[in-house]
Each structure stands twice: as structure tokens, then as C-alpha cells.
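# Fold and geometry: a report
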Amino acid sequence: MTAPGILYISYDGMLEPLGQSQVLAYLERLAPRYRIHLVSFEKKSDFADAARRAAVAERMAAANIGWTPLRYHKAPTAPATAWDVAVGTAVALRLARRHRLRIVHARSYIPALMALAVKRLLGARLLFDMRGLWADERVDAGLWPAGGRLYRMTKALERRFLLAADHVVTLTHASAAEIRRFPYMADRPIPITVIPTCADLDRFSRRENAPHDRFTYGFVGAASTWSLFDEVLASFLLLREIRPDARLLVVNRGEHGYIEQRIAASGVARALVDLVAAEHRDVPELVSRMDVAAALRKPAYSQVACAPTKLAEYLGCGVPCLVNRGIGDVAEIVEQERVGIVAEGFSREQLGTAVRGLVALAAEPEVRQRCMAAARRRFSLEAGVGAYQAIYETLLGRASGEVVP
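## What to know about the overall build of the chain
Check the secondary structure of the chain and you find 16 helices and 13 strands. Since a compact globule built from 405 residues should have a radius of gyration of about 22 Å, the 21 Å found for the chain is in line with a globular shape. Principal-axis analysis of the C-alpha atoms gives the chain an extent of 65 × 45 × 40 Å. Each of the 405 residues in the chain was classed as buried or not, and the buried ones make up 56%.

## With respect to the side chain of N252
Along the polypeptide, N252 turns up in the loop between β9 (247-251) and α10 (256-266). Look at N252 and you get buried, because its relative accessible area is 3%. Here G221 takes part through its backbone oxygen, which lies 2.9 Å from a polar atom of the side chain of N252.

## Structural notes on the environment of T193
With respect to the secondary-structure elements, T193 resides in strand β7 (residues 192-194). Separated by 15 residues in sequence, T193 and E208 have C-alpha atoms that sit 36 Å apart. Residues within four places of T193 in sequence aside, it is in contact with H167, V168, V169, T170 and I391.

## Regarding unusual backbone geometry
Glycine aside, the phi torsion of most residues is negative, and most peptide linkages are trans. The residue after A75, namely P76, is reached through a cis peptide bond having omega -10°. Note that P76 resides in the loop between β3 (66-71) and α4 (77-99). The backbone phi angle of R100 is positive, close to 55°, even though this residue is not glycine. Since its relative accessible area comes to 70%, R100 is described here as exposed.

## Some remarks on the sheet that holds β9
Here we have six strands laid out as an open sheet, ordered β10-β9-β8-β11-β12-β13, and parallel in their pairing. Two strands lie at the open edges of the sheet, namely β10 (273-276) and β13 (340-343), each paired on one side alone. On average, adjacent strands in this sheet sit at an angle of 25° to one another, irrespective of strand direction. The sheet contact formed by strand β12 (residues 321-324) and β13 spans four bridges and is parallel. For L322, the partnering residue across the bridge sits in β13 and is I341. Across the sheet, helix α12 (residues 309-316) touches β8 (216-220), β11 (292-294) and β12, and the angle it forms with β8 is around 145°. Across the sheet, helix α14 (residues 348-362) is in contact with β8, β11, β12 and β13; its angle to β13 comes to roughly 175°.

## Comments concerning helix α15 (residues 367-379)
Given 3.6 residues per helical turn, the α-helix brings residues three or four places apart onto the same face. With 13 residues, α15 ought to run about 18 Å at 1.5 Å a step, and its terminal C-alpha atoms sit 17 Å apart, in line with that. Residues of α15 that are buried: V367, R370, C371, M372, A373, A374, A375 and F379. Lining the buried residues of α15 we find α12, α13 (330-337), α14 and α16 (381-395).

## Let's talk about the sheet that holds strand β2 (residues 35-42)
The strand order across the open sheet built from seven strands is β3-β2-β1-β4-β5-β6-β7, with neighbouring strands paired in parallel fashion. Pairing within the sheet leaves two strands with one partner each, and these edge strands are β3 and β7. Averaged over all pairs of adjacent strands, the angle between strand axes in this sheet comes to 20°, irrespective of strand direction. Direction of pairing for strand β6 (residues 167-170) relative to β7: parallel, over a ladder of three bridges. Across the sheet, the residue bridging to T170 is V194, located in β7.

## Describing the side chain of S21
On the secondary structure map, S21 appears in helix α1 (residues 17-30). Here S21 falls in the buried class, since its relative accessible area comes to 12%. Not counting chain neighbours up to four residues away, the residues in contact with S21 comprise Y26 and H280.

## Observations concerning the pattern of salt bridges
Applying the stated rule across the entire model yields 25 salt bridges. R29 is paired through a salt bridge with E382; the nearest N and O atoms lie 3.7 Å apart. Of this pair, R29 sits in helix α1 while E382 is found in helix α16, placing the two residues 353 residues apart along the sequence. For E382, a relative accessible area of 32% translates into the label partly exposed. Residue K155 is joined to E158 by a salt bridge in which the shortest nitrogen-to-oxygen separation is 2.7 Å. With a gap of three residues between them, K155 and E158 both fall in helix α7 (residues 149-164), about one helical turn apart. Because the salt bridges share partners, they merge into one network encompassing R29, D200 and E382.

Cut-offs used in this document
- Residues numbered from 1 in each chain as written.
- Predicted model: local features only at pLDDT ≥ 70, side-chain atom pairs only at ≥ 80, totals over all residues.
- Heavy atoms only, no water.
- Helix = DSSP H or I, 4+ residues; strand = E, 2+ residues; numbered from the N terminus.
- Rg over C-alpha atoms; globule rule 2.2 N^0.38 Å.
- Buried < 20%, exposed > 50% of the residue type's maximum accessible area, 1.4 Å probe, protein only.
- Polar contact = N/O pair within 3.5 Å; in protein donor to acceptor, adjacent residues only side chain to side chain.
- Contact = heavy atoms within 4.5 Å.
- Pairing = 2+ DSSP bridges.
- Axes fitted to C-alpha atoms, helices over the stretch in contact; angles between N-to-C directions.
- Expected span 1.5 Å × (residues − 1).
- Salt bridge = Lys/Arg side-chain N within 4 Å of Asp/Glu carboxyl O.

The following block contains the structure:
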């Protein structure tokens with residue numbers, strides 16, 4: 001019997017760490033049960049890396065995933081995106097028709113535009129994996145004016161996607177509750193499943209042989225836009241008052257100039273900071289060098305839907321975290337699991353209180369095991385895969401079977 005076919009559309013590239021950890025890692029585990037065809041949009045610089053492209057293609061082939069990489073266009077913004085949508089829609093329709101794909105899985109809003117055509121024209125079931133409140137996030141980040149044309153248009157599309165979807169996935173319980181409060185959802189009892197950004201805990205686990213000779217405060221990921229990197233630096237200065245031996249380890253790709261500027265402005269001695277770029281496969285060893293880590297993020301309305309990947313990765317490696325309120329379910333998780341400290345604000349006094357609590361937490365004998373156990377309960381990739389499989393089975397009108405290992 002032919003396995004059911006799934007069309008997965010991602011505007012994130014599979015040659016990027018995000019695509020590999022948050023798309024491909026899931027699909028590899030789902031592929032034994034389904035015929036999966038993946039459409040992704042790859043950035044020019046990534047696609048030019050022949051070795052990386054060949055490695056990802058080999059990984060796709062090994063998992064028996066059909067992969068159609070398309071070119072991502074950035075500028076000019078609106079025409080470039082319109083072009084990508086037009087090309088992506090044509091490719092999606094061709095693949096869905098040729099391979100008789102019964103579900104179209106749209107990862108976020110732009111893929112949902114393409115997926116909507118597949119649903120309307122070919123009758124496929126639509127899974128809207130919305131990832132966040134994208135229009136509100138653009139406004140909160142200062143990229144779009146509040147109430148402007150792009151915002152209104154995107155919110156109108158969001159409404160179309162939610163009303164057309166056969167199932168919705170969102171990252172946090174806080175955002176699921178918010179979506180259900182949308183006025184037009186009052187009479188639309190659509191199934192909503194919460195699947196946070198998960199981590200492959202076979203990879204993101206404690207490396208006991210990682211170099212570790214000084215107390216290390218860590219930060220992984222993007223430092224601009226949403227991250228409160230200045231507050232991370234301020235908290236490091238406060239940490240040094242308690243642990244004079246402490247160093248700061250920053251793992252980041254592509255923003256080293258910005259990070260150097262912020263370090264210079266902060267009063268942190270440059271010699272105390274290790275700033276490294278790393279491939280995704282090397283991040284677990286770097287995180288394992290950390291005693292504590294920061295996941296501070298700008299609170300805003302849109303962040304109710306945010307589930308930072310770094311939280312799962314820190315905890316998987318046994319590292320307690322400094323977080324703040326107003327970010328999805330993060331504060332509730334670290335408080336309930338006792339795996340982090342919540343900063344109640346960013347004044348010197350508030351950060352100082354949080355940092356003292358973090359140092360005390362790191363000294364608890366069982367904290368590393370507690371972090372890893374929390375990661376397994378909350379952010380296991382296997383649990384995320386099982387949740388997606390259950391959704392697919394429901395959309396196919398079948399009872400969910402055994403979870404793919």
C-alpha cells in the first residue's frame with residue numbers, strides 16, 4: 001500500500017541551521033511513514049556552498065525525502081516575495097498533483113499563501129504551522145508601522161489562513177489561548193495543537209569532556225532585533241561581582257561586528273569574552289562548556305507566541321537559564337521545573353537579584369540532571385514528531401498509530 005503523501009513548504013532554507021534543526025530533523029523521523037516532498041527557499045550564499053548543499057542533499061536522499069530547493073529573493077522586498085510566492089505556488093501545485101499529496105503542511109505565513117492554492121484547487125488538507133503572530137512581530141520589531149498597509153494586509157491573510165486551515169499548530173499555550181480569543185474564531189472550533197520548538201536531545205546533551213576551566217556564562221544565537229544583548233552584558237558584569245573568575249561565551253553567526261560594538265559600549269573587558277561562530281553540529285559541545293546561560297528577549301505582544309529554541313538546547317545540555325517574563329510559556333516552564341531564574345525587570349537591582357539566584361541555582365547538586373529531565377519532558381524531538389504524526393493521521397482520517405522512532 002502506498003504511503004500517504006505530505007507536501008511540506010518552508011520559507012526557511014534547509015542549508016541553514018534553523019532549517020536543519022526545526023524542519024529536517026522532524027521530517028527525517030516522519031519519512032518512514034509518509035511520502036514527504038519538501039519545498040524550501042535557499043539563500044544564494046548558502047546554495048553557493050557546494051559541499052554543504054551536497055551534504056544536505058545526501059541527508060534528504062538517505063531519508064527518502066523528495067527535496068525541491070528554490071531560490072530565496074530578498075530585494076526589493078514586496079516584488080521579491082511576490083515572485084517567490086508565485087514560483088512556490090506553481091511548484092507546490094505541480095508536486096501535489098503529480099505525487100497525489102493529500103496534506104499540505106505550511107510552515108508560517110508565506111508558505112501558507114502557496115498552500116492555500118493547493119487546498120483550494122486540489123482539495124488537500126491544510127496544516128497551518130503558524131510559528132508565531134508574524135504581522136504583530138514585524139510591528140513590535142519596528143519593521144512595520146502599527147496599523148499600516150502591510151500590517152492590515154497580513155492580518156487579513158492570517159484570518160484567511162486560520163479560517164481555511166484544517167488544523168493549526170502554534171508554539172505556546174499562551175498563543176493558543178490568544179488565537180482562540182480572536183473574534184472570528186469564536187464560531188470556528190478548529191483544532192489547535194501546541195508544539196514548541198524542540199531539540200534533538202541525542203545531540204543536545206551534556207558533553208562531560210567539553211573544556212571547562214572557569215565559570216562560564218553563555219549566550220547562543222542572534223544578538224540583535226529581539227535579543228536583549230545589552231542586558232546580557234549587564235548581567236555578566238553583575239555576575240563578575242559574585243564570580244570574579246567568570247567568562248562570557250557568545251556563540252553567534254553573522255553578527256560579530258554588532259556584538260563587538262555592544263561589548264565595547266558595555267564596559268565588559270574584551271579579554272573576558274569568547275566570541276565564536278559555529279556550525280549547528282558543534283553547538284552542543286560549546287553549550288556544555290557553560291555553567292549558566294542567558295535567554296533574555298524583548299517582551300512585546302507578539303512574543304506571546306515565541307518559544308526560543310535556545311531554551312531547549314540549554315536545558316538539554318544541563319545548563320540553567322536566565323529568562324524574563326512576557327515570552328510565550330518560558331517563565332512558567334523554568335519556574336515549574338526549577339531550571340532557571342526569571343528576571344522581573346532589567347534595572348541593576350532586578351538583574352542583580354536574578355543573577356544571584358542563578359549562581360545559587362547553578363550550585364545545586366542536582367540542577368544539571370533536573371535541566372536535562374525538563375528538556376526531555378518539554379522539548380523532546382520525539383514528542384514533537386509524535387504530535388505531528390498524530391495531526392497527520394487525524395487529517396488523513398485514520399487513527400494515530402505507533403509513534404515513529
